Amino acid sequence: MLQCLAKYAKKPLVMGVDWQANDLRIVLVGRSHQLLGQWTLPLPMANAELATLPSWQGFIAQLTDNAAPQKLWIYVGLPNRCCTWVHYPSSATQAGKTQVNRMLQYQRMAASALNIEPHNLRVSHLQLAANFSFLVVINRHYEILINHFISHIYNQIRGSCVACIEPQGLTRVPAPACLDQPYAMAWYMATKPRHGSC
């Protein structure tokens, strides 16, 4: 019984994902930023295709060994070329609107600024200071691929997953001595300080 309690008392594992144009760079981090694995994988497509790729099979096998039955936090970092930043004037915020109405307002405003159909966009509001905020705009194509990636992991490890999509913002970060430089951004996504939940 103590062994079972010890398993559930562990801190959740954190996966940092650096979403590249043709592949994913992934880092799995445990307690005290201990490196548990690093992988480069092709972008996820159909579930049937992923299940047959040896690289994905090896990744899921290692992940299952490490993650079950712990909670897994997944932070997907999108590079600047995969998202767009639109300045959001503070005067545009209207009190009394529901969250759904605010999200629709963000989507319409971003679509108008970018001359794109609103249904093709996923928009989030990012408040950097009291009078300084942006709309972070992601094409639905990337959102679908990311959701597919997260769903595939969730279905394979059959554990508890919490996932976030975040703009990377930074263009270059140093890699710690324990891993190769191409995985630096994935490491950053897994270990950067965060306040609150996704």
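Further up the page is the structure itself.
Trainee: Explanation requested: helix 4 (residues 99-114) in the structure shown.
Mentor: For helix 4, with 16 residues, the first-to-last C-alpha span of 22 Å sits near the 22 Å given by 1.5 Å per residue. Of all the residues in helix 4, the buried ones are Q105, Y106, Q107, A110 and A111. Residues of helix 4 that are buried sit in contact with strand 5 (83-88), strand 6 (121-129), strand 7 (132-139) and helix 5 (140-157). N115 lies just past helix 4 and shows a positive phi near 55 degrees.

Trainee: I'm lost on the sheet that holds strand 6 in this one. Help?
Mentor: Backbone hydrogen bonds are what pair the strands of a sheet, in a parallel or an antiparallel way. Here 3 strands make up an open sheet; going across it, the order is 5-7-6 and the pairing antiparallel. With one partner strand each, in any of the chains shown, strand 5 and strand 6 form the two edges of the open sheet. Direction aside, neighbouring strands of the sheet carry axes that sit 25 degrees apart on average. Where strand 6 lies against strand 7, 8 bridges are found, and the strand directions are antiparallel. What sits directly across from H125, in strand 7, is L135. Lying on the sheet, helix 4 is in contact with strand 5, strand 6 and strand 7; it crosses strand 6 at an angle near 100 degrees.

Trainee: Please clarify how the pattern of salt bridges should be interpreted in this entry.
Mentor: If the charged atoms of two oppositely charged side chains come close together, the side chains can form a pair. All told, the structure shown has 3 salt bridges when counted by the stated rule. A salt bridge links R122 to E143, with the shortest nitrogen-to-oxygen separation between them at 3.4 Å. You can see R122 sitting in strand 6 and its partner E143 sitting in helix 5, a full 21 residues away along the chain. In this structure R122 comes out as partly exposed when scored by relative accessible area, which is 34%. Look at E143 and you get buried, because its relative accessible area is 11%. E166 serves as the salt-bridge partner of K192, at 3.0 Å between the closest nitrogen and oxygen.

Conventions used here
- Residues numbered from 1 in each chain as written.
- Predicted model: local features only at pLDDT ≥ 70, side-chain atom pairs only at ≥ 80, totals over all residues.
- Heavy atoms only, no water.
- Helix = DSSP H or I, 4+ residues; strand = E, 2+ residues; numbered from the N terminus.
- Expected span 1.5 Å × (residues − 1).
- Buried < 20%, exposed > 50% of the residue type's maximum accessible area, 1.4 Å probe, protein only.
- Contact = heavy atoms within 4.5 Å.
- Pairing = 2+ DSSP bridges.
- Axes fitted to C-alpha atoms, helices over the stretch in contact; angles between N-to-C directions.
- Salt bridge = Lys/Arg side-chain N within 4 Å of Asp/Glu carboxyl O.

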